[in-house]
Amino acid sequence: QVQLVESGGGLVQAGDSLRLSCSASGGTFNYRSMGWFRQAPGKERQFVADISWDGGSTNYADSVKGRFTISRDNAKNTVYLQMNSLQSEDTAVYYCARSKFASGGYYTPGSYAYWGQGTQVTVSS
């Protein structure tokens, strides 16, 4: 059974940085793309970023492009989300997910088979 555990969330001020981590266990990590989504209260879960199985391809939502960076370490079964210049609009629960595919470029939750429990990120202005 695949398990994903996020960490690194917290309360920060606007302009600060955070790095989220997602540790995977069980199943196949190396040959699946990984993604980060977020969900704010009263809103749908939205795509943030994804990375192909080998780290060679990444995609970002327009709202985070240039501020967030996704990366992965297959030797550690871990995917990261470096978040810089955080804004109040970034406040949400952040989820990592393992896709059903090796390549990236999948922006809808239905393309992901496994999800973590989420980690709260709160940005005060």
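What counts, and at which threshold
In this convention, every chain numbers its residues from 1, walking through the sequence in written order. Residues qualify for local features only when their pLDDT is at least 70, as the model is predicted, and side-chain atom pairs are given and counted only at 80 or more; totals for whole chains, interfaces and linings, by contrast, use all residues. Each side-chain value is derived from all of the structure's non-hydrogen atoms; neither hydrogens nor water enter the calculation. Only protein chains enter the calculation, and the probe is 1.4 Å; a residue is then buried if its accessible area is under 20% of its type maximum, exposed if over 50%, and partly exposed in between. Every helix listed is a DSSP run of H or I at least four residues long, and every strand listed is a run of E at least two residues long, numbered separately from the N terminus. At least two DSSP bridges between two strands are required for those strands to pair. Planes of paired rings set the category: under 30 degrees apart is stacked, over 60 is edge-to-face and the rest tilted, where pairs are Phe, Tyr or Trp rings (Trp by its six-membered ring) whose centres lie within 6.5 Å. Placement of a positive charge over a ring is assigned whenever Lys NZ or Arg CZ falls within 6 Å of the ring centre and within 35 degrees of the normal to the ring plane. Positive charges are assigned to Lys and Arg, negative charges to Asp and Glu, while His and the chain termini are left out of the count. Salt bridge, as used here: a side-chain nitrogen of Lys or Arg that lies within 4 Å of a carboxyl oxygen of Asp or Glu. Polar contacts here mean pairs of N or O atoms no more than 3.5 Å apart (in protein, one a potential hydrogen donor and the other a potential acceptor; neighbouring residues in sequence count only if both atoms are side-chain atoms). In this description, contact between two residues means that some pair of their heavy atoms is separated by no more than 4.5 Å.

Some points on the pairing of strand S7 (residues 68-73)
Right, on to step 1. Only one face of S7 is covered, namely the face carrying Phe 68, Ile 70 and Arg 72; the face carrying Thr 69, Ser 71 and Asp 73 is uncovered.
Right, on to step 2. Hairpin connection of S7 to strand S8 (residues 78-83): four residues between the antiparallel strands, including Asn 77 at a positive phi of 50°.

A look at the packing of aromatic side chains
Right, on to step 1. Inspection of every chain in the model, using the stated rule, returns seven aromatic pairs.
Right, on to step 2. Relative to Tyr 107, the ring of Phe 47 lies with its centre 4.7 Å away and its plane at 65°, an arrangement referred to as edge-to-face. Note that Phe 47 is positioned in strand S5 (residues 46-51) and Tyr 107 in the loop between strand S9 (92-99) and strand S10 (112-115), a separation of 60 residues in sequence.
Right, on to step 3. You can call Tyr 107 partly exposed: its relative accessible area is 43%.
Right, on to step 4. Here a set of aromatic residues connected by ring pairs shows up, and it is made of Phe 37, Phe 47, Tyr 107, Tyr 112 and Trp 115.
Right, on to step 5. Looking at Arg 45, its charged tip hangs above the ring of Tyr 95, at a distance of 3.7 Å from the centre.
Right, on to step 6. Lying across the ring of Trp 115, Arg 45 places its NZ or CZ 4.8 Å from the centre.

Describing the side chain of Arg 72
Right, on to step 1. Mapped onto the secondary structure, Arg 72 falls in strand S7.
Right, on to step 2. We note that Arg 72 is buried and unpaired, the nearest opposite charge coming from Asp 54 at a distance of 7.0 Å.
Right, on to step 3. A polar contact of 3.0 Å, which involves the side chain of Arg 72, links it to the backbone oxygen of Ser 52.
Right, on to step 4. At 3.4 Å, the side chain of Arg 72 forms a polar contact with the backbone oxygen of Trp 53.
Right, on to step 5. Excluding anything up to four places from it in sequence, Arg 72 contacts Phe 29, Asn 30, Arg 32, Ser 33, Met 34, Ile 51, Ser 52, Trp 53, Gly 55, Thr 78 and Val 79.

Observations concerning the pattern of salt bridges
Right, on to step 1. Taken as a whole, this structure holds three salt bridges when the rule is applied.
Right, on to step 2. In this structure, Lys 65 engages Asp 62 in a salt bridge whose closest nitrogen and oxygen atoms are separated by 3.1 Å.
Right, on to step 3. Classification of Asp 62 by relative accessible area gives exposed; the value is 67%.
Right, on to step 4. Here Asp 90 and Arg 67 are joined by a salt bridge, their closest N and O atoms 2.8 Å apart. Here the residue Asp 90 occupies a position in the loop between S8 and S9, and Arg 67 occupies one in the loop between strand S6 (58-60) and S7, the gap between them amounting to 23 residues. Note on accessibility: Asp 90 and Arg 67 belong to one class, buried.
Right, on to step 5. Taken together, the shared-partner salt bridges connect Arg 38, Arg 67 and Asp 90 into one network.

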